[in-house]
Amino acid sequence: MGQMIYLLLLLFVAELVTSVPLSPTLQLSVSGLNEYEKSFDGIKKIARPDSDIKEAEEPEGIFSKIIKANKGNTMPVRDGDIMITPGRSAINCTKCLWPKSADGTVNVPYNLSSDYNDWQHYLFKIAMAEYESLTCIRFVNWTDQKDYINIVSGRGCAGYVGRVGGGQSVSVSTAGCINFGIIQHELNHALGFYHEHMRSDRDDYVNIMYQYISPGDTPNFDKIDTNNLGLEYDYGSVMHYDKWSFSNTSGQPTIVPKPDPNVEIGQRYGMSVLDVSKINKLYQCDVCSNLLYNNNGTLTSANYPSAYSNNANCVWLIRTQSNQVTLNFVAFDIQSSPNCMSDYIRIYDGPTKNYPLILDRTCGSGLVPPIIASTSQLLVEFSSDSSVTGAGFKASYSTVNCGGTYYTLERNVTSPNYPNNYGPNMYCIFTVTAPVGKKVSMTFVEFHLESFPYCGCDSLRVTDGVNPQGPFCGESIPNFISAGNFLQLTFISDGSTDLKGFLAEYTFI
């Protein structure tokens with residue numbers, strides 16, 4: 001078994017219309033969005049409701065969390081979190097990949113333990129759904145399939161590499177492992193990936209500091225003669241050890257990147273661009289997907305500023321490391337058709353198409369108004385048919401502390417952190433835009449802002465470009481109907497008292 005099994009396994013590594021219905025399993029409420037943000041350790045710096053987690057001066061990477069969660073348990077693992085497969089032989093390893101369906105997708109059945117609470121279930125679903133946006137992997141509910149992954153709150157964070165047959169365990173303990181990046185780390189193991197530092201060419205990219213590693217831990221740093229799928233080494237992989245993994249000397253790293261020792265490794269946000277590329281190459285996924293993970297950047301249609309291709313179906317997932325995504329189109333030229341049925345852009349308020357639409361099918365040559373997502377993730381979908389094409393689009397993105405843009409029904413407008421108290425020193429702009437020819441009718445269900453003469457501390461102003469009203473504070477505010485097709489809310493808080501804020505419902509009339 002030994003070296004051959006690892007070699008074989010490592011071959012796998014290395015003008016607007018009505019919104020469409022949401023998937024019943026992933027519809028979002030206001031509270032659902034709040035809980036989702038709490039699960040991203042470090043993205044919004046909000047602790048889980050049952051914890052008192054504080055942000056470290058140097059962010060703790062995924063693998064440091066895994067080691068901490070696994071400390072002291074007796075799971076039969078190697079490399080920190082990889083379950084040992086008893087009796088596996090090289091000949092059986094040809095079945096380590098999950099099979100591909102006739103439609104080109106790879107279905108991975110899973111069973112999720114009832115030990116997890118609602119928001120933990122939700123976090124798993126979102127982590128899995130990101131694979132659906134970016135790859136051909138589809139995590140599907142297990143029914144009676146022979147082979148599936150059984151996700152349980154076991155002893156720490158651990159799982160098998162690849163498909164091993166039957167109901168293979170993936171342990172994601174509620175005591176230390178409930179983290180977006182850890183979940184994707186363990187799911188990548190199940191898809192057939194080892195840790196990045198085990199690559200055959202790793203010595204060209206990192207130095208292993210064995211002098212700071214205890215003898216019993218050195219096997220965790222073995223490298224193997226691997227096929228690296230023709231893709232470069234990935235310091236930012238969700239599968240990479242942290243710089244301090246298994247160090248027995250305080251302040252001394254066990255992995256040092258080269259030639260630049262200051263290169264960051266051990267990120268904690270989720271799959272990297274190369275992680276996505278490796279999955280798509282390993283499973284020969286025919287997808288057009290792009291992951292944008294910096295706090296600012298640009299995205300364009302293919303061939304821009306030349307005409308885009310026919311029969312395109314591409315997505316861009318923007319996942320910033322903090323705050324809310326804001327997207328601004330600087331060029332927009334997409335073939336116009338009735339109801340944008342030919343070529344169009346859609347924008348979703350989250351990482352998958354199961355999230356609410358911020359912007360439904362949009363086409364033509366007019367610029368799209370600025371977009372503000374409600375969280376740190378936003379998905380842009382572009383589709384074209386086989387007819388005429390246009391020059392396409394170019395957009396830039398960055399982050400803001402608060403605010404939002406709303407073009408579709410079935411959504412609420414809330415102050416930051418609602419139903420919890422809003423924060424100090426906020427300046428937020430919310431814009432609700434109805435289809436041309438309609439007006440916005442807005443009703444405030446709750447309104448609790450600090451009361452002060454002339455609303456000089458915290459306030460809300462409302463305008464439709466014709467009738468500016470406010471400021472409003474205290475416990476009451478009138479309802480509004482716009483003169484045109486939009487309403488804009490400007491919310492301001494000072495540095496003192498923070499209250500619950502507001503919840504507004506709107507409709508188009």
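Everything that follows concerns the structure shown earlier in this document.
These numbers were taken from a predicted model, which means no experiment stands behind them.

Our next topic: the overall build of the protein chain. Along the backbone of the protein chain there are six helices and 27 strands. Relative to its full complement of 509 residues, the protein chain shows a buried share of 54%. As displayed, the protein chain offers around 21500 Å² of accessible surface, 50% of which is attributable to carbon and sulfur atoms.

Under the defined criterion, the tally for this structure stands at six disulfides. The partner cysteine of Cys136 in its disulfide is Cys285, sulfur to sulfur 2.0 Å. Measuring handedness by torsion sign, the sulfur bridge of Cys136 and Cys285 sits at about -55 degrees and is left-handed. One end of the pair, Cys136, is in the loop between helix H4 (118–134) and strand E4 (137–141); the other, Cys285, is in the loop between helix H6 (273–282) and strand E10 (288–292), with 149 residues separating them in the sequence. Overall, the relative accessible area of 3% leaves Cys136 in the buried class. For Cys285, a relative accessible area of 13% gives the class buried. In this model, Cys288 is linked to Cys314 through a disulfide, with the two sulfur atoms separated by 2.0 Å. What sets the handedness of the Cys288 and Cys314 disulfide is the S-S torsion sign, and at about 95 degrees it is right-handed. Of this pair, Cys288 sits in strand E10 while Cys314 sits in strand E12 (residues 313–319), and the two are 26 residues apart along the sequence. Cysteine pairing in the protein chain follows 1-4, 2-3, 5-6, 7-8, 9-10, 11-12, where each cysteine in a disulfide is numbered by its order in the sequence. Of all cysteine sulfurs, the one in Cys473 lies closest to Cys457, which takes part in no disulfide; the gap is 8.3 Å.

To continue, consider the sheet that holds strand E13 (residues 324–333). On the basis of which strands lie adjacent, the open sheet formed by four strands has the order E11-E18-E13-E16 and antiparallel pairing. The two strands at the open ends of the sheet, each matched to only one other strand, are strand E11 (297–300) and strand E16 (371–372). Taken together, the nine bridges between E13 and strand E18 (residues 392–400) define a ladder with antiparallel strand orientation. Residue pairing for E18: Val325 is matched across the bridge by Thr399.

Spatially, E20-E27-E22-E25 is the arrangement adopted by the four strands of the open sheet, whose pairing is antiparallel. Only two strands of the sheet have a single partner each, and these edge strands are strand E20 (412–414) and strand E25 (480–481). In this structure, strand E22 (residues 440–448) lies alongside E25, joined through two bridges in antiparallel fashion. The residue of E25 that forms the bridge with Met442 is Phe480.

Moving on, we come to the pattern of salt bridges. Following the criterion strictly, the structure yields 12 salt bridges and no others. Here Glu381 makes a salt bridge to Lys353, at a shortest N to O gap of 3.4 Å. Here Glu381, found in strand E17 (residues 377–383), pairs with Lys353, found in the loop between strand E14 (344–348) and strand E15 (357–362); they are 28 residues apart in sequence, far enough to count as distant. By relative accessible area, Lys353 is classed as partly exposed at 40%.

So, about helix H5 (residues 180–191). Taking 1.5 Å per residue as the helical rise, H5 with its 12 residues ought to reach 16 Å, and the 17 Å between its terminal C-alpha atoms agrees with that figure. With 12 of its 12 residues buried, H5 lies for the most part within the structure. Residues of H5 that are buried include every one of Phe180, Gly181, Ile182, Ile183, Gln184, His185, Glu186, Leu187, Asn188, His189, Ala190 and Leu191, and no others. Measuring from the side-chain oxygen of the N-cap residue of H5 to the backbone nitrogen of Gly181 gives 2.8 Å; that N-cap residue is Asn179. Directly after H5, the chain includes Gly192, whose backbone phi takes a positive value near 120 degrees.

Turning next to the environment of His121. As for its position among the elements, His121 is in helix H4. With residues near it in sequence (within four places) discarded, His121 still touches Leu112, Ser113, Ser114 and Tyr116. Of the polar contacts made by the side chain of His121, one reaches the backbone oxygen of Ser113; its length is 3.1 Å.

Attention now moves to the packing of H4 against H5. Axis separation between H4 and H5 bottoms out at 10 Å; the angle between their running directions is 55 degrees. On the basis of their axis angle, the class for H4 and H5 is oblique. Between H4 and H5 lies a crossing whose hand is right-handed. Touching Leu123, Phe124, Ile126, Ala127, Met128, Glu130 and Tyr131 of H4 are Phe180, Ile183, Gln184, Leu187, Asn188 and Leu191, all from H5.

Take the packing of aromatic side chains next. Within a pair of aromatic rings, the relevant descriptors are the distance that separates the centres and the angle that separates the planes. Across all of its chains, the model carries 23 aromatic pairs by this definition. Between the aromatic rings of Tyr308 and Phe382, the centroid separation amounts to 4.9 Å while the plane-to-plane angle is 80 degrees, which identifies the pairing as edge-to-face. Of the two residues, Tyr308 sits in the loop between E11 and E12 while Phe382 sits in strand E17, which places them 74 residues apart along the sequence. Pairing Phe430 with Phe502 gives two aromatic rings, centres 6.0 Å apart and planes at 85 degrees, and the pair type is edge-to-face. Taken together, the positions of Phe430 in strand E21 (residues 427–433) and Phe502 in strand E27 (residues 501–508) put the pair 72 residues apart, joining distant regions of the chain. The two residues Phe430 and Phe502 agree in class, both being buried. Aromatic ring contacts, followed pair by pair, group Tyr422, Phe430, Phe444, Phe447, Phe472, Phe480, Phe491 and Phe502 into a single cluster. It is Arg361 that lies over the ring of Tyr344; its NZ or CZ is 4.1 Å from the centre.

Here is what the cut-offs are and how they apply
- Residue numbers restart at each chain and count upward from 1, following the sequence in its written direction.
- Local features are withheld for residues below a pLDDT of 70 in this predicted model, meaning they are given only at 70 or higher, and side-chain atom pairs are given and counted only at 80 or more; totals for whole chains, interfaces and linings count all residues.
- To get the side-chain values, all heavy atoms of the structure are used, and hydrogens and water are removed first.
- In this description a helix means any DSSP run of H or I spanning at least four residues, a strand means any run of E spanning at least two, and both kinds are numbered starting from the N terminus.
- Residue burial is assigned from relative accessible area. The probe radius is 1.4 Å, only protein chains are included, and a residue is buried under 20% of its type maximum, exposed over 50%, and partly exposed in between.
- Exposure was quantified through the Shrake-Rupley algorithm and a 1.4 Å probe, taking into account, for residues, occlusion by the shown protein chains and nothing else.
- Counting rule for disulfides: a pair of cysteine sulfur atoms within 2.5 Å.
- Paired strands, in this sense, are two strands between which DSSP finds at least two bridges.
- A pairing counts as a salt bridge when a side-chain nitrogen of Lys or Arg comes within 4 Å of a carboxyl oxygen of Asp or Glu.
- The span expected for a helix works out to 1.5 Å for each residue beyond the first.
- Within 3.5 Å is the distance limit for a polar contact, defined as a pair of N or O atoms, with the added protein rule that one can donate a hydrogen and the other accept it, and that residues adjacent in sequence qualify only through two side-chain atoms.
- It only takes one pair of heavy atoms within 4.5 Å for two residues to be counted as in contact.
- Orientation is described by lines fitted to C-alpha atoms, with helices fitted over the stretch in contact, and by angles between N-to-C directions that extend from 0 to 180 degrees.
- Each angle gets one of four labels, with under 35 degrees taken as roughly parallel, over 145 as roughly antiparallel, 65 to 115 as roughly perpendicular, and the rest as oblique.
- The crossing is said to be left-handed when, going from far helix to near helix, the turn is anticlockwise and less than a right angle, and right-handed when the turn is clockwise.
- Any two rings among Phe, Tyr and Trp, with Trp reduced to its six-membered ring, count as a pair given centres within 6.5 Å; such a pair is stacked if its planes are under 30 degrees apart, edge-to-face if over 60, and tilted if neither.
- Either the NZ atom of lysine or the CZ atom of arginine qualifies as a charge over a ring when it sits within 6 Å of the ring centre and within 35 degrees of the ring normal.

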